[in-house]
Every structure is written in structure tokens, then in C-alpha cells.
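Each chain, written out:
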Amino acid sequence: MTDHKPFDALNIARVLTEALPYIKRFSGKTMVIKYGGNAMSDETLKQGFARDVVLMKLVGMNPVIVHGGGPQIGDLLARIGKQSEFVDGMRVTDSETMDVVEMVLGGLVNKQIVNMINQHGGSAVGLSGKDGDLIRARKLKFSRQSPELNAPEIIDIGHVGEVASIDTSVVDMLIHGNFIPVIAPIGVGDDGQSYNINADLVAGKLAEVMCAEKLMMLTNMPGLTDTAGEVLTGLTAAEVDALIADGTIHGGMLPKIGAVMDAVRAGVRSAHIIDGRVEHAVLLEVFTDQGVGTLIQAGGKPAG
């Protein structure tokens, strides 16, 4: 036996002891996880994420995955010679682009995630929001200030939607059947049209409707940070509002934090903006005292 093995075994025992109260507290609870960013592109992080999700299910939690896929959509559009166009960070989605979005999100990316989870011993099932009438969408009405007109300008960005309603029947059925749902953020409108919806918004609304214990957003940053770059955690909704008001939270983080705050105010017990660049980030946030990101709760200081 090498010298380091007893030390390794002791560390494992300490980790399991620290995790035990969290396992007990969250058994049977729903955890909605928005999966995207580096965690979806780096092979080591991808495999670590799959193991995390399988372990969560094995210890009695109910993980539900909502995934993005913007870079993959852009790659396929480029391969077919179609230019990607964005307005304020949102992809302009005509009918041809929407076909590509459905192929990539509902097909390629979704099935890759399902296969990866299954390879690590889980039982994942892929869905788009069109399956089981899961996500009803409406066309996103987008406007911005026009300097020429000095008035709001309505811009048509095509098949980009927002969540009108969610029917979790098919997700509930899968959870009760001991499956892990993996959801592509595509909805269908009353007009029968398909709509591409921001995955953060879908994850937040799904967590809200399912009364989830936790909403977890994987990002390419350490979490919410203060002006000195230090990660903030244990925040209340009121404290986050103050950080938005004073400009500490700004730019591209605002839509994500908006989805998080809506979910927390609607009854989701806690939300986590975590660093998906850290291997096993999901397990570290759920099962350890320290975590790897920002934890937000509606009011009061969360215990874990």
C-alpha cells in the first residue's frame, strides 16, 4: 500500500460525511439545471456533469436538465452557408434558421446529452418543449430605442419566443418512472409555429411551475461578483435588487438574473449561479458547505 492511500480514504470519508445531511435534505426534491457554456463543450466537464446528474438521481433527487446549444447552431448554420445574425444578443430566426435550431437542439445536442448520461449509468429521456405540449410559446415582441426616430422601434426577429405556459405532465411522468428528463428549449405557439426560447428563461419557468427545490444555472463565470471581482453568495432577493440598482450586476448577466429572480420570488427555494468551468460543479454546489458559485434565496440566509 502506498503512503498516500490512507489519506485519500480519510478525505473520501470526510466528503461523504459532509454530503450526508444534504442527501437527506434533498431526497425526493426536484432540481432544475440549466446546462450550457463551457460545461457543454469541454470533454472532461461534459463527462463530469453526466456523472453528477446520475449520482443525484441515485441518491434520490430528481434532476431535470434544460440545455442550450447556441455555438452548435452557429456551427451548422455556417456549414450550410447561412450567416448568423443577432440583435441585442438574440439570434434572428427565420424559418430556415428555425429548422436548423430544431435539428441541433431537439436532435443532435439533446441526444448527445441523453447518451452521455445513459453511458454513465443513468436513464435519461430527451424531449423538446413540443413533446407532450410541454412548452406553449408566444412570439417575443422585441423593441429598442431608435436614435433616428427618438422612439421605440419594433424589430421582428422571427421565430424567437417566450414561455406562455408549461404543462409538466410528461416531465412528471418521466420523473415518477425514474428517468432523467433532458429538455430542449423549443416551444410551440397557438399558431402551430415552433419558437426558439432562451434556455435560461425555460429553466426558470420550469423550476417555478414544478415548485423546484433548486434552480441551478451553469455559466462561464464564477458567479455574481462585486466591483472587486469577489464572488457574492448567500444573497437575498432584496440584496440582488440592490446590486442591479447600483450597476454591480449589468450587461449580459441581467437576463439570466431576471429568470433566476422570477423563479425565486415564485417559490423556488434557492437558485444557484455556478461556475460550469469547474469539474463536478453541480455536485460541489449541492453537496458541500462551500459550493462553487452564488446562492440566492427569496429572504433570509439559506442554510445550504
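Residues numbered from 1 in each chain as written. Predicted model: local features only at pLDDT ≥ 70, side-chain atom pairs only at ≥ 80, totals over all residues. Heavy atoms only, no water.

Caption draft 1: How the structure looks around the packing of aromatic side chains. Applying the stated criterion across every chain, the model contains two aromatic pairs. Residues Tyr22 and Phe26 carry aromatic rings whose centres are separated by 6.3 Å and whose planes lie at 25° to one another, so their mutual orientation is stacked. Of this pair, Tyr22 and Phe26 both sit in helix H1 (residues 5–26), four residues apart, which is roughly one turn of that helix. Here Tyr22 matches Phe26 in class, with each residue buried. Between Tyr35 and Phe49, the ring centres sit 3.9 Å apart and the planes meet at 5°, which makes this aromatic pair stacked. (Phe/Tyr/Trp six-rings, centres within 6.5 Å; stacked < 30°, edge-to-face > 60°. Helix = DSSP H or I, 4+ residues; strand = E, 2+ residues; numbered from the N terminus. Buried < 20%, exposed > 50% of the residue type's maximum accessible area, 1.4 Å probe, protein only.)

Caption draft 2: Layout of the layout of surface pockets. Reported here for the second largest pocket is a volume of approximately 230 Å³. For the second largest pocket, the full set of lining residues is Val15, Leu16, Glu18, Ala19, Ile23, Leu55, Val59, His280, Leu283, Leu284, Phe287 and Thr288. When residues of the lining of the second largest pocket are traced back to their parent elements, those giving at least two are H1 and helix H9 (281–287). For the lining of the second largest pocket, the leading source of residues is H1, giving five residues. For the lining of the second largest pocket, a count of residues per class yields nine nonpolar, two polar and one charged. (1 Å grid on protein atoms, 1.4 Å probe; cavity = no way out; pocket = protein on both sides within 12 Å on 5 of 7 lines; lining within 4 Å. Points joined across faces, edges and corners; volume = space filled by probe spheres on them. Nonpolar A, V, L, I, M, F, W, Y, C, P; charged D, E, K, R; others polar.)

Caption draft 3: Representation of the pairing of strand S10 (residues 180–184). Counted residue by residue, S10 has five buried out of five residues, so it is predominantly covered. In terms of strand pairing, strand S2 (residues 62–67) meets S10 through two bridges, oriented parallel. Of the residues in S10, the one forming a bridge with Ile65 is Val182. Pairing between strand S5 (residues 124–128) and S10: five bridges, direction parallel. Pairing of Leu127 across the sheet is with Ile183, part of S10. (Pairing = 2+ DSSP bridges.)

Caption draft 4: Molecular detail of helix H7 (residues 237–245). Turning to H7, its buried residues are Ala237, Val240 and Leu243. Seen from one end, H7 has its buried residues packed into an arc of 115°, which puts them on one side. Facing away from the buried side of H7, by more than 90 degrees, are the exposed residues Ala238 and Ala245. Of the surrounding elements, those touching the buried residues of H7 are strand S14 (235–236), helix H8 (253–265) and strand S16 (293–297). After H7 finishes, the residue Gly247 shows a positive phi value of roughly 85°. (Arc of directions from axis to C-beta. Contact = heavy atoms within 4.5 Å.)

Caption draft 5: Just the nonpolar core, in detail. Counting residues in hydrophobic clusters, the biggest one holds 43 residues, and the most contacted among them are Val32, Val171, Leu215, Ile257, Val260 and Ile296. In contact with Val32, not counting residues within four places along its chain, are Val64, Val66, Ala203, Leu206, Ala207, Ala212, Lys214, Leu215 and Met216. (Core = buried A, V, L, I, M, F, W, Y, C linked by side-chain atoms within 4.5 Å.)

Caption draft 6: Region of the structure containing the pattern of salt bridges. Evaluated as defined, the whole model comprises 14 salt bridges. Asp200 is paired through a salt bridge with Lys256; the nearest N and O atoms lie 2.8 Å apart. One end of the pair, Asp200, is in helix H6 (residues 199–209); the other, Lys256, is in helix H8, and 56 residues separate them in sequence. Per residue, the accessibility class of Asp200 equals that of Lys256, and both read buried. Salt-bridge contacts for Glu208 lead to Lys205; the nearest nitrogen and oxygen are separated by 3.6 Å. Of this pair, Glu208 and Lys205 both sit in helix H6, separated by three residues, roughly a single helical turn. Residue class for Lys205 comes out partly exposed when judged on its relative accessible area of 31%. One network of salt bridges, with partners in common, ties together Lys34, Asp200 and Lys256. (Salt bridge = Lys/Arg side-chain N within 4 Å of Asp/Glu carboxyl O.)

Any functional reading would require information that these geometric values do not contain.
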